[in-house]
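# A closer look at the structure
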Amino acid sequence: MADILQPDMNSLQVPGENNHISAPSSPSVGRNDCSIAPLTPSASPRPEARSRMAHAFSVVVAIDFGTTSSGYAFSFTQDPEAIHMMRRWEGGDPGVANQKSPTSLLLTPELKFHSFGFAARDNYHDLDPEEAQHWLYFDKFKMKIHSTTDLTMETELEAVSGRKVRAIEVFSHALRFFRVHALKEVKDQSSSVLEGDKVRWVITVPAVWRQPAKQFMREAAYLAGLVSPDSPEQLLIALEPEAASIYCRKLHLHQVIDLSLRPMTNGLSLESDGCRPFDSSFRQAREQLRKARHSRTFLVERGTGELWSEMQTGDRYIVADCGGGTVDLTVHQIEQPQGTLKELYKVSGGPYGAVGVDLAFEAMLCQIFGEDFIKSFKAKRPAAWVDLTIAFEARKRTATPGRSNALNISLPFSFIDFYKRYRGESVETALRKSNMNIVKWSSQGMLRLTPEAMNELFQPTINNIIKHIEELMQRQEVQGVRFLFLVGGFAESPMLQQAAQNALGQMCRIIIPQDVGLTILKGAVLFGLDPTVVRVRRCPLTYGVGVLNRFVEGRHPRDKLLVKEGRDWCTDILDRFVSVDQSVALGEVVRRSYTPARSGQRKIIINIYCSVSDDVVYISDPGVRKCGAITLDLPDALPGTVDGAERSERREIRTTMQFGDTEIKVMAVDMATNRTVRAAIDFLSN
């Protein structure tokens, strides 16, 4: 077991507060870890020059790992204006543009990979109902990572059939699938032999994900063989709304739909008498996009697009990434003339994605047919349940605010038959007994959802999104927003578009890129080509470590008093690395120096604490939690001393932490030898 730092009272004097490494708290308090302190005093992050493109990559491959659908795109570094989209997928749903694939995975009963995407869905559908109970089908499984508060490498996911498997294996299977397909496609388009280390990979994650979830995706990528853990710089984690923002910088006026120029009521043009179809410009945009997709190659501006010519230095905008699982909001300011981006307020959002509409539909079915029946049907007829959700998904995409007629959703025959056996009555009888007048029964075996029913399913999720955007726009830091960009798959929904225009159209211009479902994917490629484009970010949390300070009577509580070698110390004081919503520029670092507690020590473990608030003093305050640990692997003791003891006690290990990237990173150097110390930061082992 690694040694925890112990105090070196002779060498740890620091001006001012006299921070020290703390000895363990007294046994009566019952703490397992100990506070620590830096050799150097606390300081704000400082800039440090470094190259983000030190490795000569030949190609950037981005994977947009979505809740509902996923895809990849790539660009050769010698031709960065051309972004190549993945090949069209076989299969799909009528009326749905299948540029990406459903995030669905099928494993055999022996837990071996079978298929992904449409192939997984279709193969699962074709299984015999009894056989299907032994296979593992996963759908929309990304949400589990967001909702799990104690995420670890052992966290499990439950398949539709009820069987469980480690989440890290499910994610690595999916990423391995993309690696194989993407590399084959890249090699087909490359005239030269492509070595594995010449590929830079980018994986997108929601901006509201915390460090454990980001680390989880990185570990899954290592397990999938995208990159080696020894070459972490070969993989970038991109934040989804940030990627969308990067791409939006490149937009031309003909590549966007400006809802502000076409005000709508009930999904119809204001000039309409109720007969014209919803937003003809959107239909024209989709037709242009359909033609463009035949080439699968998109060209982007070298500089910024003409949309930004209207913006002046200091103008700010919001990107709302409305995806399947989450909604992420980021506030950016574009810095002219270089076109870099500055984050103005910490990222916010929540689980308000399109999946909320699916869950509302499931709740409606439970209300009509009984929760016990739906649970039993999902367990006994899992493939038929998937068929039902696919049928609803297709109809959900056609829902518009001005629709006057009902939407028909086909119930699988096995649903009708299973209900008859389970309850001893027909589906039609169940609907009549439920007194749910907004859902009708068709003799053709369909549920007929009236416009009122669709509104009921959509409104709770849409209201959450609008409320969150309104609350963000009321903040002082966000005053004067000129544009609101709606991106992500859910942004295609006319229901959401109209609600956004009605509620927010007077405050700012609402812009939707034509290829709204691919905005994040394209932006992720651009981020991989130039990771320095976002110059300033805001910290989502306060991070720090516990330290000892000189005990001051009347200022520090008595239960924090520790007497060590005749001196009074206050334990558990939080030494901040960064504070919540603090601006940290790319390349700025926080430095601390630590010393081993004794000669021969081979590891230093430093616990990291975090809080959503900056109003905290001690690591034991409410809302402060241990969120990770820094591990420093020390090299052998220095030669030229008696067992290295004298010098190892004074030995300084200088640690450098970066908080301005999408992930927190740590590096360390042994100051006596200038040798790099192996340093790792772990958020998954709590």
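Residues numbered from 1 in each chain as written. Predicted model: local features only at pLDDT ≥ 70, side-chain atom pairs only at ≥ 80, totals over all residues. Heavy atoms only, no water.

Right, let's talk about the environment of Val487 for a bit. Residue position: Val487 is located in strand S23 (residues 481-487). In this structure, the C-alpha to C-alpha distance between Val487 and Gln514, residues 27 residues apart in sequence, is 9.6 Å. Each residue touching Val487, except ones within four places of it in the same chain, is listed here: Ala244, Cys248, Val319, Ala320, Asp321, Cys322, Pro513, Val516 and Thr519. (Helix = DSSP H or I, 4+ residues; strand = E, 2+ residues; numbered from the N terminus. Contact = heavy atoms within 4.5 Å.)

Turning our attention to the packing of aromatic side chains. One pass over the full model with this rule turns up 29 aromatic pairs. Measuring from ring centre to ring centre gives 5.5 Å for Phe373 and Tyr422, while their planes differ by 65 degrees; the resulting arrangement is edge-to-face. You can see Phe373 sitting in helix H9 (residues 371-380) and its partner Tyr422 sitting in helix H11 (residues 413-423), a full 49 residues away along the chain. With a relative accessible area of 0%, Phe373 lands in the buried category. Overall, the relative accessible area of 34% leaves Tyr422 in the partly exposed class. Ring pairing ties together the aromatic residues Phe369, Phe373, Phe377, Phe415, Phe418, Tyr419 and Tyr422, which thus form one cluster. Cation over ring: Lys142 sits above Trp209, and NZ or CZ is 5.6 Å from the ring centre. (Phe/Tyr/Trp six-rings, centres within 6.5 Å; stacked < 30°, edge-to-face > 60°. Buried < 20%, exposed > 50% of the residue type's maximum accessible area, 1.4 Å probe, protein only. Lys NZ or Arg CZ within 6 Å of the ring centre and 35° of its normal.)

Turning our attention to the pattern of salt bridges. One pass over the structure, following the stated rule, counts 29 salt bridges. Asp139 is the partner of Lys140 in a salt bridge, and the nearest nitrogen-oxygen pair spans 3.5 Å. Assessed through its relative accessible area of 22%, Lys140 is described here as partly exposed. A residue is classified by how much of its surface remains accessible, and Asp139, at 29% relative accessible area, is partly exposed. Asp572 serves as the salt-bridge partner of Lys560, at 3.2 Å between the closest nitrogen and oxygen. One end of the pair, Lys560, is in the loop between strand S26 (542-550) and strand S27 (561-564); the other, Asp572, is in strand S28 (residues 567-578), and twelve residues separate them in sequence. (Salt bridge = Lys/Arg side-chain N within 4 Å of Asp/Glu carboxyl O.)

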